[in-house]
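Residue-level structural notes
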Amino acid sequence: MTSLQALDRRSRDIFKTIVEAYLETGEPVGSRTISKRGVDLSPASIRNVMADLVSLGLLDAPHISAGRRPSHAGLRFFVDSLLEVGEVGEDDRDQIESRLAAVSRDMDELLNEASEVLSGLTGGASLVASPKSDDPVRQVEFIPLGPARALCILVSDGGDVENRIIDFGPEIGPTTLMEASNYLTARVRGRRLSEARMEIERELSEKRAQLDAAAANLIRLGVVEWSGEEPDRGRSLIVRGRANLLETASAKEDLDRIGHLFDELERKKSMLEVLDSTRDAAGARIFIGSENSLFSLSGSSMIVSSYMNSDRKVVGALGVIGPTSLNYARVIPMVNYTAKVVGQILDGRQKRDGQ
């Protein structure tokens, strides 16, 4: 970074002009374009500066041409040092607020709408990770779905509902399902699953619980495993606007990279881990291309911001994925603002439920 920070004013101005032109068009930028944008130097002088910027790793040449584009390192330098981020436009702000307020009473609808509005306004693919549920449990119930399947329903004190389908092998009758439901509700009511888990496991292993083998196995499958530490367990990853990414792909090489990104989105766990890694960040966190293994092959960027509950505790995250030529100055405040509105709505829901 010492070399980058030591750039003289002329080099910084030319570099900034190149990046801004690239972010507008998504295309490599030549010396003639730079001259037309107000840089008062001869084309030869501009090319010399561009060559210096290439040697510093700030620019690269995607093809054999006079055009250059910012490298991933160059984009990082631009975003951290030269980018001027404004406020969310009034029309965009009104649309975010009105659309999210219209679905504010239902958590699933709220997160889906947040994903839809981000994708629509930014022209990228949006991601929203549902909160990690850490509320005390109010009720547990098993509903039969077939001879060897059941739906496990957990209702939290806050009114949120989580479902999980359980395949338990040999047929279990309704009496056993009721027995398992009553046992778990009695053990976890008013407590977090993580708190009750060890006690339940100990009772089951020591056979102190007055349960038959079928009910004990159902409890292990339904809740004891569910309360583990896997980041994707009991959570959803909402993705909207995949087609927007395809619109920016102009060659087979680009399509192959986007295909790799789609594969990662389907895996969910990896993407949730990336989203969760932003929990301690102040404001938006930006991943550019090769900085993260998930985007190194796809050549994409992602802007992520966390949202909080009424206790100012980070519970989830949302973001936008797009090409590295993403309009960072517009998208960063939009992601931040959407996360802020989601958090405010969650705060309002918790206050209403508490009254």
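Our structure's up above, just so we're on the same page.
Below or above, wherever it landed, is the structure these notes cover. Everything numeric here is computed off the predicted structure, so don't read it as measured data.

1. Notes on the sheet that holds strand β9 (residues 300–308)
The strand order β7-β3-β10-β9-β8 describes an open sheet built from five strands, whose pairing is antiparallel. Since the sheet does not close on itself, it has two edges, and those belong to β7 (237–240) and β8 (285–288), each with one partner. In this sheet, neighbouring strand axes are inclined to one another by 15° on average, regardless of whether the strands run parallel or antiparallel. As paired strands, β8 and β9 are joined by four bridges and run antiparallel to one another. The residue of β9 that forms the bridge with R285 is V304.

2. Quick look at the sheet that holds strand β5 (residues 149–156)
With respect to topology, three strands assemble into an open sheet ordered β4-β5-β6, the strand pairing being antiparallel. Only two strands of the sheet have a single partner each, and these edge strands are β4 (137–146) and β6 (161–167). When the angles between neighbouring strand axes are averaged without regard to direction, this sheet yields 20°. In this structure, β5 lies alongside β6, joined through seven bridges in antiparallel fashion. Residue pairing across strands places I153 opposite N163, the latter belonging to β6. Each of β4 and β5 touches helix α8 (residues 174–188); the most contacted strand, β4, lies at about 165° to it.

3. Brief notes about the side chain of S301
Within the secondary structure, S301 is located in strand β9. Judged by relative accessible area, S301 falls into the buried class, the value being 0%. In terms of polar contacts, S301 uses its side chain to reach the side chain of Y328, at 2.8 Å.

4. Focus on the packing of helix α2 (residues 9–25) against helix α4 (residues 43–55)
In the contact formed by α2 and α4, the axes pass within 10 Å of each other and the chain directions differ by 85°. The angle between the axes of α2 and α4 places the two elements in the roughly perpendicular class. Here R10, S11, I14, F15 and I18 of α2 lie close against α4, whose contacting residues are I46, V49, M50 and L53.

5. Section: the packing of aromatic side chains
Following the criterion strictly, the structure yields one aromatic pair and no others. Ring centres of F15 and F77 lie 5.7 Å apart, and the angle between their planes is 40°; on these two criteria the pair is classed as tilted. Of the two residues, F15 is situated in helix α2 and F77 in helix α5 (residues 72–81); the sequence distance between them amounts to 62 residues. The pair F15 / F77 is uniform in exposure class, with both members buried.

6. Quick notes on the pairing of strand β3 (residues 125–129)
With respect to burial, β3 is a largely interior element, five of its five residues being buried. Burial of the side chains of β3 extends over both faces: A125, L127 and A129 are buried on one face and S126 and V128 on the other. Pairing between β3 and strand β10 (residues 314–323): five bridges, direction antiparallel. Each bridged residue has a counterpart across the sheet, and for V128 the counterpart in β10 is L318. Where β3 meets β7, four bridges bridge the pair, whose relative direction is antiparallel. Paired with S126 across the two strands is R240, which belongs to β7.

Rules of the game
- The written sequence of each chain sets the order in which its residues are numbered from 1.
- Two thresholds apply to this predicted model, a pLDDT of at least 70 for residue-level local features and 80 or more for giving and counting side-chain atom pairs, whereas whole-chain, interface and lining totals are computed over all residues.
- To get the side-chain values, all heavy atoms of the structure are used, and hydrogens and water are removed first.
- Note on pairing: DSSP must find at least two bridges between two strands before they are called paired.
- Segments assigned H or I by DSSP are reported as helices when at least four residues long, segments assigned E as strands when at least two residues long, and all are numbered from the N terminus.
- In this description, a line fitted to the C-alpha atoms serves as the axis of each element, helices being fitted only across the stretch in contact, and the angle between N-to-C directions of two axes falls anywhere from 0 to 180 degrees.
- Any two residues whose heavy atoms approach within 4.5 Å at even a single point are treated as in contact.
- Relative accessibility under 20% of the residue-type maximum defines a buried residue, over 50% an exposed one, and the middle range a partly exposed one, all with a 1.4 Å probe and only protein chains included.
- The definition of a polar contact used here is a pair of N or O atoms within 3.5 Å, where within protein one atom must be able to donate a hydrogen and the other to accept one, and adjacent residues in sequence count solely through side-chain atom pairs.
- To sort the angles, those under 35 degrees are grouped as roughly parallel, those over 145 as roughly antiparallel, those from 65 to 115 as roughly perpendicular, and the leftovers as oblique.
- Stacked, tilted and edge-to-face are the three classes assigned to paired rings of Phe, Tyr and Trp, where Trp is represented by its six-membered ring and a pair needs centres within 6.5 Å; plane angles under 30 degrees give stacked, over 60 edge-to-face, the rest tilted.

None of this, on its own, says anything about what the molecule does.
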